[in-house]
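Chain by chain, the residues run as shown.
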Amino acid sequence: MSAALNHYQALAAAAPQTHAYQAIGRERLSLVELPNRKQEAWRYTPLAPVLDHQFTAASREEGLLEPEDIASLRVTPADHVCIVLLNGFFMPELSTLPPQVGLEVLDLEQAIQHSAIGIERLGSLSGACLDLFGAVNAALTGSGAYLRVTEKLTQPVEIIHLNYSFESEVLSNPRVLVQVAANARLNLIEQHAQFADLLSMSNGVTEIFLSEGAQLLHPRLQHDSVRTRHLSHLYVQQAATSVYKGTSLALGSAWSRTEFHLDFVGEHAHCELNGFYLAGEQQMQAMHLDVLHSVPNCTSRETFKGILYGHGKGVFDGNILVKKDAQKTDARLSNDNLLLSREAEIDTKPRLEIYADDVQCSHGTTVGQIDPEMLFYLRARGIPKAEATSLICQGFAAELIAHCEYPALEAKALSILQERLAPVAAKL
Amino acid sequence: MLSIKDLQASINGKEILKGLSLEMGAGEVHAIMGPNGSGKSTLSKVLAGREEYEVTSGTVTYQGVNLLELSPEERAHQGIFMAFQYPVELPGVNNTYFMQASLNAIRKARGEPELNSLNFMKLVRTKLKALEMDESLLKRAVNTGFSGGEMKRNEILQMTLLEPRLSILDETDSGLDIDALRMVSMGVNSLRSPERSMLVITHYQRLLDYIQPDYVHVLSGGRIIRSGDKSLALELEEKGYGWLQEEAAA
């Protein structure tokens, strides 16, 4: 297994050095331990699918895609800002970048070179807990997206992450830095997609800083192809009275893990974190939550749902930590799962760790099957069994998906879901 | 329309229906009354095709077809509708979408063209208006967070949309206030016609003031122990079931 570590250290050493941040990653790489199942954070996540491959660093792949290829993927109108990160590289020729008051968009590399406002924050959230993949991302970060919002934007901004290459077993390391200034507002829609069924890995890190009174609506849809390995680290830091509402829909990939790290640094902030995962044949979807209430009077809602079928496997590992000073915290964590087969598996572990004495916190989890009462009701209304089963699953997911608050993205997610579930429901 | 002969049915090995026979002609409204545990709900569930109930003996023939061989959805396609005693919540499933899927599944099975959303909305609005119901019901998830009255209204809305040949109302009146009861009856009465039959299962005579039955049957111990016209319902209201049960036992 240390072969994997040697491999990534060699990749990092060979990568072009464009800025100081990479040095932190390289240094970390010499210190980190390989993730293993003795570590709590990796206990339920099978590691072979990512450690058994010697992925090579992706390149920019200029000219491989045309702007029209992007048009078919977008969920926002064609004239809105849309940033394309191909294999982690910022692609201006594929992106739509009309100037917009209150919005600054840069290639992360340029932002570093030109010392863009707040660039020193890069790595300040992710740096503290760099594991192997975090370190790999840092060491290989070249390009990426830098966003800074200073107004209440009415138009949404879309980021499309694509993995695409002629090579196989390619690793991309998309990196995104988002800063929403005081009382500014942004709707940031992210998609992870692929054009070809390649075995590749995406290892992304996103850091989000919300200043006082800032608001971010952040729906994300991951519909990578079935052989992809997908890893996302999402870090959010919230100042006083800021509001973050994130909804992550993980539908694709062979192996997918999303880590959410939320940190309240000011009072009266609110966070709503929603997640949906779909894991079918040979798929693994993991969601990890690490919500830290260290200041008083903040509220958080974490709602996660999953549908598992075939030999699909899901992992939910959610932790809310309420520190001693975080009085009047109000936090609710829930995880509900629908299992459609005997072989499907969910390992769910919602946790509350509370050190303050005046708080309202709850956590709960359910694991269930298709409710025979619901099924009978639909069939008694003439809807055939397979269609009825699929409808129940879609309803279960739709409640969560509606949190995206962006109909075009919701419709896309629901149609992918319907397409995936129809043949499954027909066989039940 | 419907012919039930010596029907015996059990659930989890417990026999509930013990030789029930009933003949229903087209255009007739039959009321089934009876004390708790007499098998009223079991009868409706067996007719609608609930698989947990095992039919151990007897026959059910509907329009010349062996009903017991049909799946629940096939029964719906053939024109059978059961208004549930406890309608089921379907979180996340939009009520309009559900009703359109239901109507179109039935139309498709009958080889009729499916209705597009526009035409369906026109139709459902007409039905809502006739039942004096609020349109907000259409935007919500099926029965989710509905009050008891709203659920029953929603059942009747579906019934008037699907225009079934045989409607089974399983204690649709239980828990309803007078206004809701009036509305439910209005829906049922609007469907009365020489081609349609209705089986109204109820605890109380009250509903039968609004929906006048042609026949009243008393179910007790899994059998029909007395049949009569609507005056039987009035007699039951006055005397209870005790005297009939004693007679049947004698």
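Residues numbered from 1 in each chain as written. Chains lettered and ligands numbered in written order. Predicted model: local features only at pLDDT ≥ 70, side-chain atom pairs only at ≥ 80, totals over all residues. Heavy atoms only, no water.

Describing empty space enclosed by the protein
Residues and elements named next belong to chain A. Heads up, the condition is: Grid spacing is 1 Å over the protein atoms alone, the probe is 1.4 Å, and a cavity is where that probe fits but cannot get out, while a pocket is an open set with protein on both sides within 12 Å along at least five of seven lines and lining residues have an atom within 4 Å of a point. Grid points are joined across faces, edges and corners, and a volume is the space filled by probe spheres set on the points. Numbering of helices and strands starts at the N terminus; helices are DSSP runs of H or I of at least 4 residues and strands are runs of E of at least 2.
Summed over all chains, the structure comprises six cavities of 30 Å³ or more. Here the largest cavity is characterised by a volume of approximately 70 Å³. Around the largest cavity sit His 192, Arg 220, Leu 221, Gln 222, His 230, Ser 232, Ser 248, Leu 249, Ala 250, Ser 256, Thr 258 and Met 287, which together line it. Mapped by element, the contributors of at least two residues to the lining of the largest cavity are β11 (215-222), β12 (229-238), β13 (243-250) and β14 (255-264).

Notes on the sheet that holds strand β19 (residues 330-339) of chain A
Residues and elements named next belong to chain A. Selection rule: Should DSSP find at least two bridges between two strands, the strands are regarded as paired. Residue contacts follow a heavy-atom distance rule, with two residues in contact if any of their heavy atoms lie within 4.5 Å. Helix axes use the C-alpha atoms of the stretch in contact, all axes being lines fitted to C-alpha atoms, and the angles between their N-to-C directions lie in the range 0 to 180 degrees.
With mixed pairing, ten strands are arranged side by side in an open sheet as β3-β2-β6-β9-β11-β13-β15-β17-β19-β21. Because the sheet does not close on itself, it has two edges, and the strands there are β3 (89-90) and β21 (360-368). Sheet topology places strand β9 (residues 185-194) next to β11; six bridges connect them, and they run parallel. Residue pairing for β11: Leu 186 is matched across the bridge by Leu 216. Against the sheet, helix α8 (residues 385-401) touches β13, β15 (270-279), β17 (299-308) and β19, its axis set at about 155 degrees to β17. The sheet strands contacting helix α9 (residues 407-427) are β9, β11, β13, β15 and β17, and the helix crosses β11 at an angle near 25 degrees.

Focus: the packing of aromatic side chains
Keep this limit in mind: Stacked, tilted and edge-to-face are the three classes applied to pairs of Phe, Tyr and Trp rings, where Trp contributes its six-membered ring and a pair requires centres within 6.5 Å; stacked means planes under 30 degrees apart, edge-to-face means over 60, and tilted covers the rest. Exposed residues in this analysis have more than 50% of their type's maximum accessible area, buried residues have under 20%, and partly exposed residues fall in between, with area computed by a 1.4 Å probe over protein chains only.
Using the criterion set out here, one finds eight aromatic pairs over all chains in the structure. Between the aromatic rings of Phe376(A) and Phe84(B), the centroid separation amounts to 5.7 Å while the plane-to-plane angle is 55 degrees, which identifies the pairing as tilted. Of this pair, Phe376(A) sits in helix α7 (residues 372-380) while Phe84(B) is found in the loop between β6 (80-83) and α3 (95-109), placing the two residues in two different chains. Like Phe84(B), Phe376(A) is buried.

Points about unusual backbone geometry
Residues and elements named next belong to chain A. Here the phi dihedral of Glu 61 falls at roughly 55 degrees; this positive angle occurs in a residue that is not glycine. Counting through the fold element by element, Glu 61 comes out in the loop between β1 (56-57) and α4 (67-71). Located in the positive-phi region is Ser 253, a residue other than glycine, with phi close to 75 degrees. For Ser 253, a relative accessible area of 0% gives the class buried.

Focus on the pairing of strand β18 (residues 313-322) of chain A
Residue and element names in this part refer to chain A. Within β18, ten of the ten residues are buried, which leaves it mostly tucked inside the rest of the structure. Side chains Lys 313, Val 315, Asp 317, Asn 319 and Leu 321 of β18 all project onto a buried face; the interleaved residues Gly 314, Phe 316, Gly 318, Ile 320 and Val 322 project onto the opposite face, where all are buried too. Two strands pair when backbone bridges link them, and strand β16 (residues 284-293) and β18 are joined in this way by ten bridges, in the parallel orientation. Following the sheet pairing, Gln 285 is matched in β18 by Gly 314.

Focus: the UniProt feature "domain: ABC transporter" (unreviewed entry) in chain B
Selection criterion: UniProt positions are given in the numbering used here, feature names are shortened, and annotations may be inferred rather than shown by experiment.
Here the UniProt feature "domain: ABC transporter" (unreviewed entry) sits at residues 2-246 of chain B. Measuring from the first to the last C-alpha atom of residues 2-246 of chain B gives 29 Å, for a span that is 40% helix and 27% strand.

Quick word on the interface of chain B and chain A
We apply this condition: Once two parts are joined, some of their accessible surface, as seen by a 1.4 Å probe, is lost; buried area is that loss totalled over both. Put simply, a salt bridge is a Lys or Arg side-chain nitrogen that is within 4 Å of an Asp or Glu carboxyl oxygen. Under the rule applied, a polar contact is a pair of N or O atoms within 3.5 Å (in protein, one hydrogen donor and one hydrogen acceptor; residues adjacent in sequence only if both atoms are side-chain atoms). Under the scheme applied, nonpolar residues are Ala, Val, Leu, Ile, Met, Phe, Trp, Tyr, Cys and Pro; charged residues are Asp, Glu, Lys and Arg; polar residues are all the others, including Gly.
On the side of chain A, 19 residues touch chain B, which itself brings 33 residues to the contact. Together chain B and chain A conceal approximately 2,100 Å² of surface at their shared face, both sides included; 64% is due to carbon and sulfur atoms. When the area that chain B buries against chain A is broken down by residue, the three leading residues are Arg50(B), Glu73(B) and Phe84(B), summing to 26%. Between Arg381(A) and Glu155(B) there is a salt bridge whose closest N-O contact spans 2.7 Å. Linking chain B with chain A are twelve residue pairs in polar contact (both at pLDDT 80 or more), by the criterion used here. For the side of chain B that touches chain A, the secondary-structure elements that each account for two or more residues are α2 (72-77), β6, α3 and α6 (148-162) of chain B. Take the side of chain B that touches chain A: its biggest share by element is six residues, from α3(B). A per-class count over the side of chain B that touches chain A returns 20 nonpolar, seven polar and six charged.

Some words on the environment of Thr303(A)
All names here are of chain A. Counting through the fold element by element, Thr 303 comes out in strand β17. The spatial distance from the C-alpha of Thr 303 to the C-alpha of Gly 364 is 9.9 Å, given a sequence separation of 61 residues. Among residues more than four places away in sequence, those in contact with Thr 303 are Leu 273, Asn 274, Gly 275, Ser 334 and Leu 400.

Side note on the packing of α3(B) against helix α4 (residues 117-130) of chain B
Residue and element names in this part refer to chain B. Put simply, the test is: Orientation labels follow simple angle bins: below 35 degrees gives roughly parallel, above 145 gives roughly antiparallel, 65 to 115 gives roughly perpendicular, and whatever is left gives oblique.
One way to put it is that α3 packs onto α4 with a least axis distance of 11 Å and a crossing angle of 105 degrees. As far as their axial angle goes, α4 and α3 are roughly perpendicular. Residues Thr 96, Met 99, Gln 100 and Leu 103 of α3 pack against Ser 117, Phe 120, Met 121, Leu 123 and Val 124 of α4.

Quick notes on the sheet that holds strand β2 (residues 14-24) of chain B
For sheets, the rule is that strands pair by backbone hydrogen bonds, running either parallel or antiparallel. Residue and element names in this part refer to chain B. Taken in spatial order, the four strands of this open sheet run β2-β1-β4-β5, and their pairing is antiparallel. A strand with exactly one partner marks an edge of an open sheet, and here the two such strands are β2 and β5 (65-66). Across the sheet, helix α1 (residues 40-48) touches β1 (2-11), β2 and β4 (53-62), and the angle it forms with β1 is around 110 degrees.

Quick look at the domain arrangement of chain A
How big an interface is tends to be expressed through the accessible area that disappears when the partners come together. All names here are of chain A. Our working definition: Domain extents, as shown, originate in an automatic or database domain assignment.
Split by domain assignment, chain A resolves into domain 1 (2-266) and domain 2 (371-428). Centre-to-centre separation of domain 1 and domain 2, based on C-alpha positions: 31 Å. Taken together, the contact pairs 17 residues of domain 1 with 13 residues of domain 2. Contact with domain 2 buries surface across domain 1, with Val 75, Leu 249 and Leu 251 losing the most and accounting together for 39% of the total. Applying the counting criterion to the domain 1 and domain 2 interface returns one salt bridge.

Quick look at the pattern of salt bridges
All names here are of chain A. Applying the stated criterion across every chain yields a total of 31 salt bridges over all chains. Salt-bridge contacts for Glu 40 lead to Lys 349; the nearest nitrogen and oxygen are separated by 2.2 Å. Placement of Glu 40 in the loop between α2 (21-29) and α3 (48-51) and of Lys 349 in strand β20 (residues 345-354) is noted, with a sequence separation of 309 residues between them. The partly exposed category is assigned to Glu 40, whose relative accessible area is 33%. For the salt bridge of Asp 317 with Arg 351, the shortest nitrogen-to-oxygen distance reads 2.8 Å. Of this pair, Asp 317 sits in strand β18 while Arg 351 sits in strand β20, placing them 34 residues apart in sequence. Asp 317 sits in the buried class, given a relative accessible area of 5%. A relative accessible area of 28% means that Arg 351 is categorised as partly exposed. Look at the salt bridges and you will find they share partners, linking Glu 40, Arg 43, Asp 317, Lys 349 and Arg 351 into a network.

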